[in-house]
Amino acid sequence: MSSESGPELTSWTDNAVADVLAEARDRRQRRGRVPGPSPERIAFRKAAAVLAWFNPEELRPFDGPGQPPDALRLLVDDSVVAPGRRSAPVWALRDETRREALAQLGSRKALIAALATNDAPAHEPLQQMLEEYISGPSRSPAELTTGELSCALQAAGWLEGVLEDVPSPAGIRHALDERRLFAPFHALAGEHFAGRTAELTTLREYVGVRPPTRTRDAFARTVRRWLGSPRRAALCVWGPGGIGKSTLIARFILEHAGGEQDPIPFVYLDFANSGIKADDWRTWAMTAVRQLRIEPAPDDDSPAGRSPLFEDAAAELEALISAASMVPTIPPQPEFAPRLARLAQLVAGDPSDQKDATPFLLVFDSFEEVQYQGDATLLALTTFLTRLQNAHPRLRVVIVSRAPADMRVGGKSPESLEVEELDRESALEYLRKRGVDDPKLAADLVRRFGGNPLSLRLAIGALTEAGELSDIKTRRWGGLLPVRDAVVQSQLYYRILGHVKDEGVRALITPAIVLRRVTPELVADVLMPAADMQADKKTAHKLFERLGREVSIVSEARDGSLVIRPYMRHAVLHLLADDRPEEVRAVDEAAVASYARHPQSDVAARAEEIYHRLRLGQDTAELDARWVDGAQDYLRDTLDEFGAGERAYLAAKLGISLDADTLREASQLVWERHTASAVRDLLAAGAPARALERLRERPARVAGSELDVLEAWTLWQVGRLDEAQAIVDRALDEVGGRGRRADGLLLLELGATVAERRGDPELAEEYLERALQEASPERDASVRLRLELQRLRALRSSGAEGGQLAEADAELAADFANAPDTELAVAERLVCNVAAEVGDGRPALLSRALAIAPITSLSDERREELAAALGTTHELSAELLAGGGAGTLLDLWATTLNVPAAPDDDVAAWSHVLERSEQTLRLGDVLRHALAVAPHHDLLSMSIAGAFGDEAQPLELDAADLPEARA
């Protein structure tokens, strides 16, 4: 272009482009600029940025203009009230403002100068950590306490990108997570741990990591490796409560997983933790992944930076857990076990030789909670552990329980390690570590109280309060028969109680033992009357506050109530009931009356009411009348407090299992409820033989027992058809007289199924006809459809023809048309079977079935058959809309699904459309549209009915059809 045609063009170099863009940017900012902070505000920000918190009335600015009172006005939008200091005029900068101000300071020299401008908060851990990082050099995360790590995480986050030598927040976060993971183990088995040499040796040899201390252990381990069998059965560590099982395991974990040398991957699951549920695998699966993410790596100084391979594996496992059904289930999906094993191997360094691989330690603590869930849960957990061991042969499973547990891993019975009281030398060492420095006193305590850690701990507490223990009857008292540990512990508790100086509080504590929680209301309603005090709300509140100060005896719960410390309550409760039964009963009755005044919506209060009713031994009818859904969540940890009958009742309500001895003592009704729950779980787990064993533990039945249905079902499942038929007939007589339609219908359907299996079609037809007479089209629509389908198939298999077959066919189609959508929507398998059986020639039925249970895939043969039917149908080749321009149905769906045209071959084009509709989940829409346009095309409806038949799963009774447990 010549210069005459316009202005001279600029040479667009990189610098020229940058200048133009900068000028444009400046123009935009001048037009709509938001004024930046003033120099005074910036100066105050810089001064506040190096302080954990500050008083805005006293803050002096750094490197800029301003006076202390100005901060109150200038920083009001930049600050929040400092956490935990709402009663004082103390502020802290918002995090984003603080980071901006620290970046403006930019260097250690400027940061130190800013620190010198104001007096820093005294005795403030966060301030101390911030100053340490600013001043340098700082300690490594490993050198910090847990509290310091929390402060370091905050301070490092503020200074990230400002100072290069500050530890990364990710590294500090990982160190803090690791510290918190191991903190409970340190608390149990830290400075006070003593003895247990033999038990630790057994555990070390079992895991097989640290060098064995005995030659025969070394030889045994060598033989196992030589024979190429790294697998071991589970190890059950068992003993009574308070004996030190968890302390032993804590020490074991610290040595093998938390030590500085050769850490091994581990997962510790305590089923006493309310967040970990044995019957919901997702709860403990997420716990397992979280722990493996945190644990130290053997050859990595920076565990926060796990390998991409590990991170990918962990992310896949978390996605698998998150995608699982929202219905609590066990066992976990089959792929969970090998993926968890792989994650453990990656934590340990991805070994190539499984025989010499680092062991994977899996600890199940409080295993009695799993046993309470019953045989089905144990069976499913066994399946999971066997899969896990197949994927990781050096899996080591340690089970911690109050009694031996029969948890078979890989079909092997568990090895056993009983934890008994401490030997004399270990008990003396325990006392010394607990502060008993006088050797003679320690020796006397061990002589009199033995080596039970709980008794010794209480003895130390009683000594601290009372100063002497000479009159306490101990297990060695008077040279007579030993007094059991619980009696000793009770006496020690009363000695501690006797030295509570507040007389009013002391009078409340003994009746408070009976309560699981203490509130001001319960003080007034229950405890003050029990202590012969005149009850009034004002005094009750004061007593409640004074009781809360006795921290050696009570602790505060999350809801603000007080609870007697568990180890003390456990030691005294049963003995108190034996010694003062009338007083204890009066407390329970008063508690029932107090809680009964709460509304039914207060589930926690209703649960406590039921707890005290159980303690009073009230009968099943009274308990059932007060039971509300949700109470079970509050009562799960109380089973051990009750006698056999109450324990059996509560266990049935909780859906957990009890030992055979306890069940033998239960009433017939309670036994049947408990057995029905266990049998349902076993049938759902696919273990009918085990279910039958449970049913046959008692031959007697209450009238109209729900066990009759379950027993007939179970006998059918194991193939004992004659016995099943006999129980069906007997149970039908019982049910008929009691008006339980659901049970009767199920028995009739089961009877027909059993009769067919026994080769008695006439009896099967009789059962079906009776069932159809009983089943209401309105209330039992799904049941009627299933019965009619069974009858129609039986007629066809028998070779029936003519009117009887046509009548059954028409009746099934009519009932399907009348069945409500709400019932059919939860019975997709039934819908598919009905459509396959009677859909041919009934386009409306097929269209409804496609709307409820869409066909999702086709075999190659069925796709070609449908394509041929669609491609040769005149109606489908015609214009869809009057006036033209809309094209045929084929054109419409080819365009909608973006399928390339297939010239002059409608069958091939339809085949492509059908295949694409499967991929996009639109197959059901295509077929419904085709039925609407060509409702009378016989080949089309026959092909669609055939497609339903291809997709339909066999329709047979399964455990999901069993009636729900009776209240």
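Everything numeric in this text was worked out from a predicted model, so none of it was measured.

Q: So what about the overall build of the protein chain? Which residues, and what values?
A: Across its full length, the protein chain carries 47 helices and 9 strands. Counting over 967 residues, the protein chain shows a buried share of 48%. A sequence separation of at least 24 residues applies to 67% of the contacts in the protein chain between residues at least 6 apart. Put simply, the protein chain shows about 46500 Å² of open surface, and 50% of that area lies on carbon and sulfur atoms.

Q: Could you give an account of helix α17 (residues 424-433), with specific residues and numbers?
A: The set of residues buried in α17 consists of Ser426, Ala427, Leu428, Tyr430 and Leu431. The N-capping residue of α17, defined by a side-chain oxygen 3.3 Å from the backbone nitrogen of glutamate 425, is aspartate 423. Following α17 by one or two positions, glycine 435 adopts a phi angle in the positive range, close to 105°.

Q: I'd like a rundown of the pairing of strand β5 (residues 360-365), residues and numbers included.
A: Counting buried residues along β5, 6 of its 6 residues qualify, which places the element largely inside the surrounding structure. Burial along β5 is two-sided: the face carrying Phe360, Leu362 and Phe364 and the face carrying Leu361, Val363 and Asp365 are both buried. With 5 bridges joining them, strand β4 (residues 266-270) and β5 adopt parallel strand pairing. Paired with tyrosine 268 across the two strands is valine 363, which belongs to β5. For β5 and strand β6 (residues 395-401), the ladder comprises 5 bridges, and the chain directions are parallel.

Q: Summarise the nonpolar core; cite the residues concerned and give the values.
A: Among the nonpolar cores identified, the biggest contains 90 residues, and Leu515, Val518, Val523, Leu527 and Leu650 are the most heavily contacted of them. Of all the elements, helix α35 (residues 741-757) adds the most residues to this core, at 8 residues. In contact with leucine 515, not counting residues within four places along its chain, are Leu522, Val526, Leu527, Arg569, Val587, Ala591 and His612. With 52 residues, the next largest nonpolar core counts Ala819, Ala867, Ala909 and Leu914 among its residues.

Q: Could you give an account of the pairing of strand β3 (residues 235-238), naming the residues involved and the relevant values?
A: Side chains of β3 alternate between two faces, with Leu235 and Val237 and Cys236 and Trp238 buried alike. Relative to β6, β3 runs parallel, the two sharing 4 bridges. The residue of β6 that forms the bridge with leucine 235 is valine 398. Of the strand pairs in this sheet, β3 and strand β7 (residues 415-418) are connected by 4 bridges, and their pairing is parallel. If you follow valine 237 over to β7, its bridge partner there is leucine 417.

Q: Could you give an account of helix α5 (residues 108-115), naming the residues involved and the relevant values?
A: All of the buried residues along α5 are Ala110, Leu111, Ala114 and Leu115. Axial view of α5: buried residues confined to an arc of 140°, hence all on one face. Packing partners of the buried residues in α5 comprise α2 (39-49), α4 (95-105), α6 (125-135) and α7 (146-159).

Q: So what's going on with the packing of α7 against helix α8 (residues 169-189)? Residues and values would help.
A: Contact geometry for α7 and α8: axes closest at 9 Å, N-to-C directions at 160°. Considered as vectors, α7 and α8 are oriented roughly antiparallel to each other. When you trace α7 past α8, the crossing you get is left-handed. The segment α7 lies against α8, with Thr146, Leu149, Ser150, Ala152, Leu153, Ala156 and Gly157 engaging Pro169, Ile172, Arg173, Ala175, Leu176, Arg179 and Arg180.

Q: Go over the packing of aromatic side chains, please, and point to the residues and values.
A: The geometry of an aromatic ring pair comes down to the distance between the two centres and the angle between the two planes. The tally for this structure, following the rule as stated, stands at 13 aromatic pairs. A connected cluster of aromatic rings, assembled from ring pairs, spans Phe182, Phe185, Phe266 and Tyr268. Lying over the aromatic face of tyrosine 611, arginine 516 brings its terminal NZ or CZ to 5.2 Å of the ring centre.

Q: Account for the sheet that holds β5, naming residues and giving values.
A: If you trace the 5 strands from one edge of the open sheet to the other, you get β4-β5-β6-β3-β7, paired in parallel fashion. Of all strands in the sheet, those with a lone pairing partner are β4 and β7, marking the two edges. Neighbour to neighbour, the strand axes of the sheet diverge by 15° on average, direction disregarded. Here helix α12 (residues 281-294) sits on the sheet and contacts β4 and β5; the angle it forms with β4, its principal contact strand, is near 140°.

Q: Outline unusual backbone geometry, supporting the account with residue identities and numerical values.
A: Along the chain, glycine 136 connects to proline 137 via a cis peptide bond; the corresponding omega equals -15°. Residue placement: proline 137 occurs in the loop between α6 and α7. Phi angles above zero are rare outside glycine, and arginine 196 is one such case at about 65°. Summarising the element assignment, arginine 196 is placed in the loop between α8 and α9 (197-207). One non-glycine residue with positive phi stands out, namely leucine 921, at about 60°. Of note, leucine 921 is situated in the loop between α45 (906-919) and α46 (923-933).

Q: Got a sec to walk through the packing of helix α21 (residues 503-512) against helix α22 (residues 520-530)? Specific residues and values, please.
A: At a minimum axis separation of 8 Å, α21 and α22 run at an interaxial angle of 105°. In terms of orientation, α21 lies roughly perpendicular with respect to α22. On α22, the residues that touch Leu508, Pro511 and Ala512 of α21 are Val523, Leu527, Met528 and Ala530.

Q: Tell me about the pattern of salt bridges, and name the residues and values.
A: Within this structure, the stated rule accounts for 48 salt bridges. For aspartate 78, the salt bridge identified is with arginine 45, shortest N-O distance 3.0 Å. Note that aspartate 78 is positioned in the loop between α3 (71-74) and β1 (79-81) and arginine 45 in helix α2, a separation of 33 residues in sequence. Of the two residues examined, aspartate 78 and arginine 45, each falls in the buried class. By sharing partners, the salt bridges in this structure join Glu769, Arg784, Glu788, Arg791, Glu811 and Asp815 into a single network.

Q: So what's going on with the side chain of threonine 201? Which residues, and what values?
A: For threonine 201, the location among the structural elements is in helix α9. On the accessibility criterion, threonine 201 (11% relative accessible area) is buried. Here the side chain of threonine 201 touches threonine 197 through a polar contact of 2.8 Å, landing on its backbone oxygen.

Q: Outline the confidence of the model for the protein chain, supporting the account with residue identities and numerical values.
A: Summary statistics for the protein chain give a mean pLDDT of 78 and a share of 81% for residues scoring 70 or more. Below pLDDT 50 for its whole length, residues 300-304 participates in 8 contacts with residues either more than four positions away or in separate chains. Per-residue pLDDT stays below 50 along residues 879-885; that stretch engages in 10 contacts with residues further than four places along the chain or on separate chains.

What counts, and at which threshold
Residues numbered from 1 in each chain as written. Predicted model: local features only at pLDDT ≥ 70, side-chain atom pairs only at ≥ 80, totals over all residues. Heavy atoms only, no water. Helix = DSSP H or I, 4+ residues; strand = E, 2+ residues; numbered from the N terminus. Buried < 20%, exposed > 50% of the residue type's maximum accessible area, 1.4 Å probe, protein only. Contact = heavy atoms within 4.5 Å. Areas by Shrake-Rupley, 256 points an atom, 1.4 Å probe, with all protein chains shown as cover. Polar contact = N/O pair within 3.5 Å; in protein donor to acceptor, adjacent residues only side chain to side chain. Pairing = 2+ DSSP bridges. Core = buried A, V, L, I, M, F, W, Y, C linked by side-chain atoms within 4.5 Å. Arc of directions from axis to C-beta. Axes fitted to C-alpha atoms, helices over the stretch in contact; angles between N-to-C directions. Parallel < 35°, antiparallel > 145°, perpendicular 65-115°, else oblique. Left-handed = near helix turned anticlockwise from the far one by under 90°. Phe/Tyr/Trp six-rings, centres within 6.5 Å; stacked < 30°, edge-to-face > 60°. Lys NZ or Arg CZ within 6 Å of the ring centre and 35° of its normal. Salt bridge = Lys/Arg side-chain N within 4 Å of Asp/Glu carboxyl O. pLDDT = per-residue confidence, 0-100.

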